[in-house]
Every structure is written in structure tokens, then in C-alpha cells.
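Summary of the model geometry
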Amino acid sequence: MVSRVRVWLNRTYAENVFFMDQLRRNPSARAVEIHATHGDADSPVLAAADTAELEPEGLSPAGYVEFALDQCQRRGIDVFVPRLHQAAIVAHRADFAAIGTALLAPPPEAVAVFHDKVVAYEAVQAVGVPVPPWWRVRTADELVAAVEELEADGHKACFKPASGAGGVGFRVITRAPFSLAQLNGFPGPYVSLDTVVEALEQADEHVDWLVMPRLEQPEVSVDTLTGTDNRVRLAIGRTKNGRRRGFTQHEQWLEPARLIAEGFGLHYLSNIQFRMFGDRPVLMDVNTRPAGGLHQLSLCGVNVPWSAVQLALGEDTGVIEPPFLGQDYTVVSGLRQLRPVSVPHQRVEEVEPLLPSVPAPAPVVETAQALPL
């Protein structure tokens, strides 16, 4: 009899409830139990899990590793999918292996390269992957110089933190002064250069930004599944052009993604994002973790989360070709059950396991679902 597989996701995105659903509906018909931890008692991933706990707040990376090792040992975790403190966790891969837990994450060297976007751009350029023009800026003068150079070449400038994820801190520079126009409708990403310069000159803290041209659509996110032998088992591009989403197997996107995944050892699941600069694709970002939209590949007839777990367990999947490419689709909000009662904030020493979710009426939260257009 084949034993169950115990998988843990730590402080992950709400959309990964679909990742969890796919693990349970795996084509191997293998029993999967999912453990989840989060800092938000109302995260839908806690309700979707078989067992769940609140994470203690304020832990250092080293302290979090100790917490994670304890979770894996107490819960009998076979495969751990770390998002929070990924770099610190993968540095202790041998410690997790010693208690029988496989990490579904790249090695420390790969995580380190793509933590800093400047280091990442320099590294991928060296292996022949095109990147957009970029400037690293820390002062108002450096910002103005970068913006002026981009504008002289006919580009619109934007900036984002040199390290970070999820589009946090992304802004587009304009020359228009702040006015009532910015107060109409919903807040947008546009900010005037004068406002940013003034904020930088008055700030007591330093910034570390990457300034670059605003890249054109479509955006293509290539999800890759790579073995520890550095061979890509699967690569599928997800296209995004406004509301419309779709899939692509065009080599102009897949070839540079494979080059990055294999060349830098992005083991298991990664997400490599491109946009157009002029008439060619250039790298935008690399995430050394499963993308929130990974479940959308189910529209192509593949269950990528399960294939990744198989690789982590040492079961080679071979090369996976999607049997078809799904039709274009859009993403809309849906409803997911929450735990019946929110767990109050607890001190570290008081954290206890939460009870499994029960099929009783409960509040709901919106999460993204993919629907055909």
C-alpha cells in the first residue's frame, strides 16, 4: 500500500488554495494531507488545509528555521514548500533531510542570485539572456539622471525595489505635477518626478531602486519545473495582455526561460517573467517559488504541483508536454470558506495547533479563479 504524502505550505498566497486542490486531485490517486501555517488567522489557505497553525510573529530568519524544523518533525512533513524566509530555509536543506523532509525549493546559490534584481540582471546577461536598460539608484540625483536618459531615448521611466516580489513598490514616473486628476477614480501607479525627488531629499532612510523603461505588453510568465540534475521537465508560458490571459509554447519565451532555469539550477518550481522591449522579449523578473497562477496550467491538461512533489520525493516525471494549450481566459473572484471562528492573536509561547476545518457555515473570502473568455 502506498503511503500518504504530507505537504506543508508556509505563509503562502491566498491563491494557492488551488495549488492545494490540485495536490489532492493528483493523477496518481495518492493520498495527500496538507499542513498550512500563516500569520493571518483568516487566510483561506488555513481553512483549505487538513491541519493548520498560526505562525509566531517576530522571529528572525534563524528563529524561523528552528520553528520550521520543529513543524516538519512534529507533523511528519514529507515535502515542505517554503515561501517565507526561503533563503534561510534552503541553507539548512541537510537539516531538513535528516528528519525526512524534502524542500521543494532551489539551492541557496540560485535563491541568492535572484533575490537582488541587479545581481540577477548581471548574471543572466552573462549567459546571453536579454534584459532592459537599467540603473540602480539610491539618491535623488541618481534618479533624475536615470529618468532623463530614458526619456531622451523616448521611453517612459519606472522604478521598483531592487529586491522584492509581487509588484510591491512599482511606480511609473510622470512629469505631470500632482493635481485633482490623481484624486479621481482609483489610485494608480503613476507618480510625478518632482514628488519622488522631494520625498527622497526629505527621507531619513536610504532607498535601493531599479530604474528602467516601462516595458510593453504582453507579459509572459514561463512556469518551469526543473529536476536537481538541472534539466527542465516542463516549461509553459502564460500570457497576460490586459484582462485576456492565454498560453504559449513559442520558443522566443521558452528558450531563455530554460536557459535561466537550467543554467542557474532553479530546481523544482520557478516563474520567469518577460515583457517586450522594442521588438524583442527581455527578462523582467525571476521568482524562485511557485507562481500564484500556477494552477491555471490545469487548463492545458497538466497538474504541475503534483509533478513537483513527485520530483521532490525522488520520483522522476520525465519530460512533461502539455497535451493541448487551453483557450484564452480571464481571472475573476470566487468564494472560499474560512474557519468558523478567527483565532485571536497569540504570543509565541501560546501558539497551539488549530482544529481542522469543519463543513459548517462560515464566512467566505474572495480568491481568484480562471474562467474561459
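Quick look at the structure, then.

Definitions and cut-offs
Residues numbered from 1 in each chain as written. Predicted model: local features only at pLDDT ≥ 70, side-chain atom pairs only at ≥ 80, totals over all residues. Heavy atoms only, no water. Pairing = 2+ DSSP bridges. Helix = DSSP H or I, 4+ residues; strand = E, 2+ residues; numbered from the N terminus. Axes fitted to C-alpha atoms, helices over the stretch in contact; angles between N-to-C directions. Contact = heavy atoms within 4.5 Å. Buried < 20%, exposed > 50% of the residue type's maximum accessible area, 1.4 Å probe, protein only. Arc of directions from axis to C-beta. Phe/Tyr/Trp six-rings, centres within 6.5 Å; stacked < 30°, edge-to-face > 60°. Expected span 1.5 Å × (residues − 1). Parallel < 35°, antiparallel > 145°, perpendicular 65-115°, else oblique. Left-handed = near helix turned anticlockwise from the far one by under 90°. Nonpolar A, V, L, I, M, F, W, Y, C, P; charged D, E, K, R; others polar. Core = buried A, V, L, I, M, F, W, Y, C linked by side-chain atoms within 4.5 Å. Salt bridge = Lys/Arg side-chain N within 4 Å of Asp/Glu carboxyl O.

Spatial strand order, β6-β10-β7-β8-β9: five strands in an open sheet with mixed pairing. With partners counted over all chains shown, the strands left at the sheet margins are β6 (135-137) and β9 (190-192), one partner each. Adjacent strand axes in the sheet meet at a mean angle of 35°, parallel and antiparallel pairs treated alike. The pairing of strand β7 (residues 157-161) with strand β10 (residues 209-213) spans five bridges and is classified as antiparallel. Among the inter-strand pairings, Ala157 is bridged to a residue of β10, identified as Pro213. The sheet contacts of helix α8 (residues 140-152) involve β6, β7, β8 (171-174) and β10, and relative to β6 the element is tilted by about 155°. Relative to the sheet, helix α9 (residues 193-202) contacts β7, β8, β9 and β10, its axis offset from that of β9 by approximately 70°.

For helix α6 (residues 108-115), every residue scored as buried is listed here: Ala110, Val111, Val113 and Phe114. Around the axis of α6, the buried residues are gathered within 160° of arc, so they sit on the same side. Those residues of α6 that are exposed and angled more than 90 degrees off the buried face are Glu109, Ala112 and His115. Buried residues in α6 make contact with α4 (86-90), α7 (117-126), α10 (251-263) and β15 (280-287).

Once that is clear, we can look at the packing of aromatic side chains. Tallying each qualifying case throughout the model produces nine aromatic pairs. Ring geometry for Phe114 and Phe264: centres 5.4 Å apart, planes at 85°, overall edge-to-face. With Phe114 in helix α6 and Phe264 in the loop between α10 and β14 (268-277), this pair connects stretches of sequence that are 150 residues apart. The exposure class of Phe114 is buried, given its relative accessible area of 7%. Ring geometry for Trp253 and Phe274: centres 6.3 Å apart, planes at 55°, overall tilted. Pair noted here: Trp253 is in helix α10 and Phe274 is in strand β14, with a separation of 21 residues, a long-range link.

With 13 residues, α10 extends 17 Å from end C-alpha to end C-alpha; this agrees with the ideal 18 Å at 1.5 Å per step. Within α10 the residues assigned to the buried category are Trp253, Leu254, Pro256, Ala257, Ile260 and Ala261. Residue Gly265 follows α10 closely and has a positive phi angle near 65°.

Here the focus is the packing of helix α1 (residues 17-24) against helix α11 (residues 304-312). Contact pair α1 / α11: the axes reach a minimum separation of 8 Å and the direction vectors enclose 70°. On the basis of the axis angle, α1 is roughly perpendicular to α11. Judged by the twist between their axes, the crossing of α1 over α11 is right-handed. Across from Phe19, Gln22 and Leu23 in α1, the residues of α11 making contact are Pro305, Trp306 and Val309. Residue composition of the contact of α1 with α11, grouped by class: five nonpolar, one polar and no charged.

Val7, Leu23, Leu104, Leu234, Leu269, Leu297 and Val309 are the most contacted members of the largest nonpolar core, which totals 40 residues. Counting residues per element, this core draws most heavily on α11, which supplies six residues. Excluding anything up to four places from it in sequence, Leu234 contacts Asp223, Thr224, Leu225, Leu297, Val302, Val304 and Ile320. By size, the runner-up hydrophobic cluster in this structure holds 34 residues, among which are Cys158, Leu215, Leu266 and Ile272.

Our next topic: the pattern of salt bridges. All chains considered together, the criterion is met by 22 salt bridges. Glu33 is the salt-bridge partner of Arg4, the closest N and O atoms lying 2.5 Å from each other. Residue Arg4 is located in the segment before β1 (5-10), and its partner Glu33 is located in strand β2 (residues 32-38); the two are separated by 29 residues in the primary sequence. Salt-bridge contacts for Asp116 lead to Arg136; the nearest nitrogen and oxygen are separated by 2.7 Å.

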